[in-house]
Amino acid sequence: MSLVSLDSISLRLGGRQVLDHVSLTLEPGEIVTIVGPNGSGKSTLLKVIIGALHPESGRINRQKGLKIGYVPQKLHIDPTLPLTVRRFLSLPNRVSDEAAHAALDDAGAGHLCNHQMTDLSGGQFQRVLLARALLTEPELLILDEATQGLDQPGSADFYAQVEALRRDKGCAVLMVSHELHVVMAASDRVVCLNGHVCCHGAPEHVASAPEYRALFGTGTHGALALYRHDHNHDHCDLDHDHEAHHGQQVHMHDHSHDRTHGDSQDHPHDHGETA
Amino acid sequence: MNLLDDFLVRAILAGLGVVLAAAPLGCFVVWRRMAYFGDATAHAAILGVALALSFNVSIFAGVLALALIMALTVSNLSGRGFAMDTLLGVTAHSSLAFGLVAVSFVPGVRVDLMAYLFGDILAVSKGDLAVIWTGAALVLALLYWRWSALLTTTLNPDLAIASGLSPKREQMVLSVALALVVAVAIKVVGTLLIAAMLLIPAASARSFARTPERMALIATGIGALSVLGGIEAAFAFDTPTGPTIVCIAALIFALANLARLLRPQTR
Ligand SMILES: Nc1ncnc2c1ncn2[C@@H]1O[C@H](COP(=O)(O)OP(=O)(O)O)[C@@H](O)[C@H]1O
Ligand SMILES: [Mg+2]
């Protein structure tokens, strides 16, 4: 049985259609990555999945009693709230000192145990968030740009940890990431989101999808776009039309593509059905 | 029981009872930036007084009912696109004004108004004491029971939801606790200064605490010190007791921050 299944979820926020008929299922033990430009609704989708936001239409099913570990994209801690790293790990459920220390060591943050959360650097903070998410032994780990601010080894360690967690505990992982090279190597499935699901499937399929390249690729060399890091965050529709006609053997949905940055912006072309 | 015959002992016990509930709750008021929320709830109490006097029910019941209504209304309005500080400011002050006007309609109350605005801790009866300590015990039990959930929600509502908690329910818990504190504190410090007893001890404790639990404990200590010092000072200088207690708390706050400024490294 799927851990979570979304069926045609739509959600407007502040007058904008942020999610548009998004469907997605998560199976136990798989690693799924959501990619998409800024403002494409990735964080919003994750919040719908944890239940913090409720879709206006569509259905969401979560496995009963599903244990979720969540790393939010932003976590502001009010400076009036004194909170050590150790105390943070025990929220809301108390964890033993051994477990806490082990988790911090695994996250490369063992020395931070008695620091105040507000004193941590961005990368340190992120490591602690990860440690906490892993401590709950979740069945589904939800990571919203969890490696932001981590240095290269920290990021590599982190993905190794996620992989190990999946291997040892069978934990499913749903993450948002901009590190495309890692994403493509580490994910079972990739979902390219831009309000609606542009395309999804195995990483190599998505990477060669015209929709994906329209969002991320700068040229026609699909494979290159995987490894180059200059993906375009501002959905540039310019060569989309051109690309769309060359799409081959890709897992794709038929849908209209005319939703990007706000209702204010016009997208004249409708690249729905691709050849 | 002999001891309770002494009005001074009763005053001290009443003050300590209020502090026991107000200080830990006050920490949440500080962490969640709900200062105005405390104000609005406390100020609604004067309307409760007026209603209780008109309908001849106990002041405690009237105040509790009004504070509860106010707390729940305000927490329901939050997050619906209202500018919270403005909304709360409006509610806080208009409920006070309406309360004062309403009280003026009740015959024979004019004299007592000061007691409800600023408290009358020296006139606490044994019955009041029982109400205060029962209310305080309820608030403490509520906070103890929900502590971890409250803290997680305060930290980040999404994180709480992902852990299976309901921020809405925790907000409700806080609203109920706040209404209870207002109801038990009105006799001790009065409606105008209840928010002070919530905020000042908690704010003073911040610079000495490394964990939330520590902060709540230290705040309780500071609150207790303010009560003892305030009652003592009110006697020595023949000043109104409720405001004097708040003055002592404010002095401790100033000293605590001075200490922090002089030792910027410690947290
Ligand atoms: N609470 C909100 N109110 C109004 N608009 C929102 C809210 N949250 C997000 N949005 C808008 O929804 C869009 C998607 O946001 P988000 O899901 O955070 O994007 P991403 O994580 O993909 O960068 C953005 O345009 C953002 O401005
Ligand atoms: Mg995001």
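It should be emphasised that the depicted structure is a prediction, and the values quoted were computed from it without experimental measurement. (Residues numbered from 1 in each chain as written. Chains lettered and ligands numbered in written order. Predicted model: local features only at pLDDT ≥ 70, side-chain atom pairs only at ≥ 80, totals over all residues. Heavy atoms only, no water.)

**Looking at the overall build of chain A**
- Secondary structure summary: chain A contains ten helices and nine strands in total.
- A buried classification covers 57% of the 275 residues belonging to chain A.
- Summarising the internal contacts of chain A: among those between residues at least 6 apart in sequence, 66% fall at separations of at least 24.
- Summed over its atoms, the accessible surface of chain A is roughly 11,800 Å², and 50% of this surface lies on carbon and sulfur atoms. (Helix = DSSP H or I, 4+ residues; strand = E, 2+ residues; numbered from the N terminus. Buried < 20%, exposed > 50% of the residue type's maximum accessible area, 1.4 Å probe, protein only. Contact = heavy atoms within 4.5 Å. Areas by Shrake-Rupley, 256 points an atom, 1.4 Å probe, with all protein chains shown as cover.)

**Topic: the packing of aromatic side chains**
- Taken as a whole and assessed by the stated rule, the structure comprises five aromatic pairs over all chains.
- Taken together through their ring pairs, the aromatic side chains of F28(B), W31(B) and W147(B) make up a single cluster.
- Cation over ring: R132(A) sits above F88(A), and NZ or CZ is 5.6 Å from the ring centre.
- The ring of W145(B) carries the charged tip of R146(B) above its face, separated from the ring centre by 4.8 Å. (Phe/Tyr/Trp six-rings, centres within 6.5 Å; stacked < 30°, edge-to-face > 60°. Lys NZ or Arg CZ within 6 Å of the ring centre and 35° of its normal.)

**A word on empty space enclosed by the protein**
All names here are of chain A.
- Applying the stated criterion across every chain yields a total of two cavities of 30 Å³ or more.
- Empty space within the largest cavity amounts to approximately 60 Å³.
- D106, A107, G108, R127, L130, L150, G154, D157, F158 and Q161 together form the lining of the largest cavity.
- Taken together, the elements giving at least two residues each to the lining of the largest cavity come down to α4 (122-135) and α5 (152-169).
- It is α5 that provides the largest number of residues to the lining of the largest cavity, a total of four residues.
- The residue makeup of the lining of the largest cavity, split by class, is four nonpolar, three polar and three charged.
- Composition of the lining of the largest cavity by domain shows at least three residues from each of domain 1 (1-67 + 138-219) and domain 2 (74-137). (1 Å grid on protein atoms, 1.4 Å probe; cavity = no way out; pocket = protein on both sides within 12 Å on 5 of 7 lines; lining within 4 Å. Points joined across faces, edges and corners; volume = space filled by probe spheres on them. Nonpolar A, V, L, I, M, F, W, Y, C, P; charged D, E, K, R; others polar. Domains from an automatic or database assignment.)

**So, the domain arrangement of chain A**
Residue and element names in this part refer to chain A.
- Examined at the domain level, chain A breaks down into domain 1 (1-67 + 138-219) and domain 2 (74-137).
- A straight line from the C-alpha centre of domain 1 to that of domain 2 covers 24 Å.
- At the interface, 16 residues of domain 1 touch ten residues of domain 2.
- Together domain 1 and domain 2 conceal approximately 1,100 Å² of surface at their shared face, both sides included; 59% is due to carbon and sulfur atoms.
- The largest share of the area that domain 1 buries against domain 2 comes from P138, L150 and Q161, three residues that together contribute 41% of it.
- For the pair domain 1 and domain 2, the number of links is two salt bridges.
- For E137, the salt bridge identified is with K169, shortest N-O distance 3.7 Å.
- At the junction of domain 1 with domain 2, the criterion picks out three residue pairs in polar contact (both at pLDDT 80 or more).
- Where the side of domain 1 that touches domain 2 is concerned, the elements lending two or more residues are β6 (140-144) and α5.
- Sorting elements by how many residues they give to the side of domain 1 that touches domain 2 places α5 first, with five residues.
- Looking at the side of domain 1 that touches domain 2 residue by residue, the class counts come to seven nonpolar, four polar and five charged. (Buried area = accessible area lost by both parts, 1.4 Å probe. Salt bridge = Lys/Arg side-chain N within 4 Å of Asp/Glu carboxyl O. Polar contact = N/O pair within 3.5 Å; in protein donor to acceptor, adjacent residues only side chain to side chain.)

**Points about the nonpolar core**
- In this structure, F88(A), V128(A) and L143(A) are the most contacted members of the largest nonpolar core, which totals 153 residues.
- Broken down by element, this core gets its largest block of residues, 14 residues, from helix α1 (residues 7-31) of chain B.
- Residue assignment places this core across two domains, with domain 1 (1-67 + 138-219) and domain 2 (74-137) of chain A each supplying three or more.
- Leaving out residues up to four positions away in the same chain, L143(A) has contacts with L46(A), V71(A), L130(A), F158(A), V162(A), V173(A), L174(A), M175(A) and V176(A).
- By size, the runner-up hydrophobic cluster in this structure holds 14 residues, among which are V183(A), V190(A), C192(A) and C198(A). (Core = buried A, V, L, I, M, F, W, Y, C linked by side-chain atoms within 4.5 Å.)

**Side note on the side chain of R132(A)**
- Summarising the element assignment, R132(A) is placed in helix α4.
- Of the side chains bearing the opposite charge, D158(B) lies closest to the buried R132(A), which forms no salt bridge; the N-O distance is 12 Å.
- Those residues in contact with R132(A) that lie beyond four places of it in its chain are Y70(A), F88(A), L89(A), L91(A), P92(A), T152(B), L159(B) and S163(B). (Lys, Arg positive; Asp, Glu negative; His and termini not counted.)

**Notes on the UniProt feature "transmembrane region" (unreviewed entry) in chain B**
Residue and element names in this part refer to chain B.
- In the numbering used here, UniProt assigns the feature "transmembrane region" (unreviewed entry) to residues 12-31, 43-72, 92-117, 129-147, 173-203, 215-237 and 243-262.
- With 90% helix and 0% strand, residues 43-72 has end C-alpha atoms that lie 14 Å from one another.
- Annotated as 74% helix and 0% strand, the span residues 173-203 places its first and last C-alpha atoms 22 Å apart. (UniProt positions renumbered as here; feature names shortened; annotations may be inferred.)

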